[in-house]
Amino acid sequence: MDRKKEKITGSDKYYDLQMSLSTKSRATDILLIALFLLFLFGFAIAGLILPDKEWSEQENRTLMQLPSMSSEYSGSFSEKIRNGKFLDRVANGKYMSDITKYLADQFPMRDAFVGVKSAFEISLGKRENNGVVLGKNGYLIDRDDYPSTENLERNLKSIKTFSEVMESRGIKTVFALAGKTEDVMLNELPSLYPVERREKLWNTVSEYVSGINYIDLRRTIIDSDSSNQLYYRTDHHWTTFGAYVGYEAVIGVFGAQPYPEDAFEIELVSDSFYGTTWSSAGMKWIKPDSMYYFRYDGDDKFVTTIDGEKSFGGFYDRVYLEGKDKYSSFLSSNNALVTIRQNDGQERQKLLIIKDSFSHSMAPFLARHYDLDLIDPRYYRQIIADYVNENDIDAVLILCNIDSLTSDVSYAVLSAGIG
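Since this is a predicted model, take the numbers as computed values, not measurements.

Trainee: Residue-level account of the pattern of salt bridges, with values.
Mentor: Summed over the entire model, instances satisfying the criterion amount to 19 salt bridges. The salt bridge partner of E182 is K180, with a shortest N-O separation of 3.8 Å. When its relative accessible area of 7% is taken as the criterion, K180 is described as buried. Here R198 ties to D183 by a salt bridge, and the two come within 2.8 Å at their closest N and O atoms. In this pair, R198 sits in helix α8 (residues 196-208) while D183 sits in helix α7 (residues 181-184), placing the two residues 15 residues apart along the sequence.

Trainee: So, the environment of G211: which residues are in play, and what are the values?
Mentor: Note that G211 resides in the loop between α8 and β7 (213-216). Look at G211 and you get exposed, because its relative accessible area is 76%. For G211 and S163, which are 48 residues apart along the polypeptide, the C-alpha to C-alpha distance reads 9.8 Å.

Trainee: Let's hear about the sheet that holds β7: which residues, and what values?
Mentor: Read from one edge of the open sheet, eight strands run β7-β6-β15-β13-β14-β12-β10-β11, paired in mixed fashion. Here the strands that pair on one side only, and so sit at the sheet edges, are β7 and β11 (310-313). Adjacent strand axes in the sheet meet at a mean angle of 20 degrees, parallel and antiparallel pairs treated alike. Here strand β12 (residues 337-342) runs beside strand β14 (residues 371-375); their pairing, made up of four bridges, is antiparallel. Its bridge partner being in β14, L337 is matched across the sheet by I375.

Trainee: Go over the pairing of β14, please, and point to the residues and values.
Mentor: Buried residues dominate β14, accounting for five of its five residues. Burial along β14 is two-sided: the face carrying D371, D373 and I375 and the face carrying L372 and L374 are both buried. Sheet topology note: the strand β13 (residues 350-355)/β14 ladder contains five bridges and is parallel. When the sheet's bridge partners are listed, L352 is paired in β14 with D373.

Reading the values: rules and limits
- Residues numbered from 1 in each chain as written.
- Predicted model: local features only at pLDDT ≥ 70, side-chain atom pairs only at ≥ 80, totals over all residues.
- Heavy atoms only, no water.
- Salt bridge = Lys/Arg side-chain N within 4 Å of Asp/Glu carboxyl O.
- Buried < 20%, exposed > 50% of the residue type's maximum accessible area, 1.4 Å probe, protein only.
- Helix = DSSP H or I, 4+ residues; strand = E, 2+ residues; numbered from the N terminus.
- Pairing = 2+ DSSP bridges.
- Axes fitted to C-alpha atoms, helices over the stretch in contact; angles between N-to-C directions.

Put into structure tokens, the structure is as follows:
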């Protein structure tokens, strides 16, 4: 007798469907896991095989190298143990801190991942990545909500003391302070951008510099009727057009007449300049800036000397135009001491500029009026007041960006050696 045919229920069909799909699902899971492991171990192996990079062209900075577990110590291995120098950086946590920075800096395809992260942040509706705010018209704004007023006050006290002493010796001294992008490009700030802290900062400056020759170049830029771009979109510096506006204000305080803009031949030297804020932001879609030199007859006859060693004709080290750090073509980057002389044998008055890199693009304008000596207090290790006395300086200009006064106390050295 034939067995009765079993009836197939709906639950049986659902079970059969699950079983058929589970095989495909397991295959998909295995593939995804394999891809994940390949990705994970692939980058780990690449990190071990690829040589460490020393310099980031994109970020314009030195990258962290493999740290040591022990402090640098010239003694023998037994002396290191006896003096607690063996694996001491592991014990105090400094090694783990440095190894984290090292892995972040040396991660394979780091630049590409920074760009992906930035795009993801912006896609979520955020206007900021890595401390850089995306403003209007492609402006990248290095945000600084909590600058150090302690550093600022120490620097300003020293600047005022130095200025008063120089003036008492008959040496005209002017302090000119430039603003950050967030201080001057007010129309490019995002809606509801907090500007109150910056205003308090500038009010502090005004209070401390009362009684000396002071130029608020932030206000000079804001009030300018120039139709040109005065600050770079991708960098924290002012453009050469902005430096020219600053020059007009500065040279007027020294009692000289500025050369008009049409007295210069404006040369486009790059249309692919990406600055420091672009490097930090990782917003790869932002278009580059253009960079210009203001040329004039005979400017290539000037001799620029770096730290008493390297010299070149004119004001521009064009080698830098071939790399990313194009702004360093002005006066060949940051150096302790730079001198600029007109090579025609004529005696001219000497202007000492105590400066940061904002002065570099203004120097070619000022060189039409003075022989220039430029000192960067971040790198110069001698007493600046002594330099004034020993080098027949006729006038002094202290020219920097406000960030230089809040980030450290380099300008506090100005009052050293003043009796």
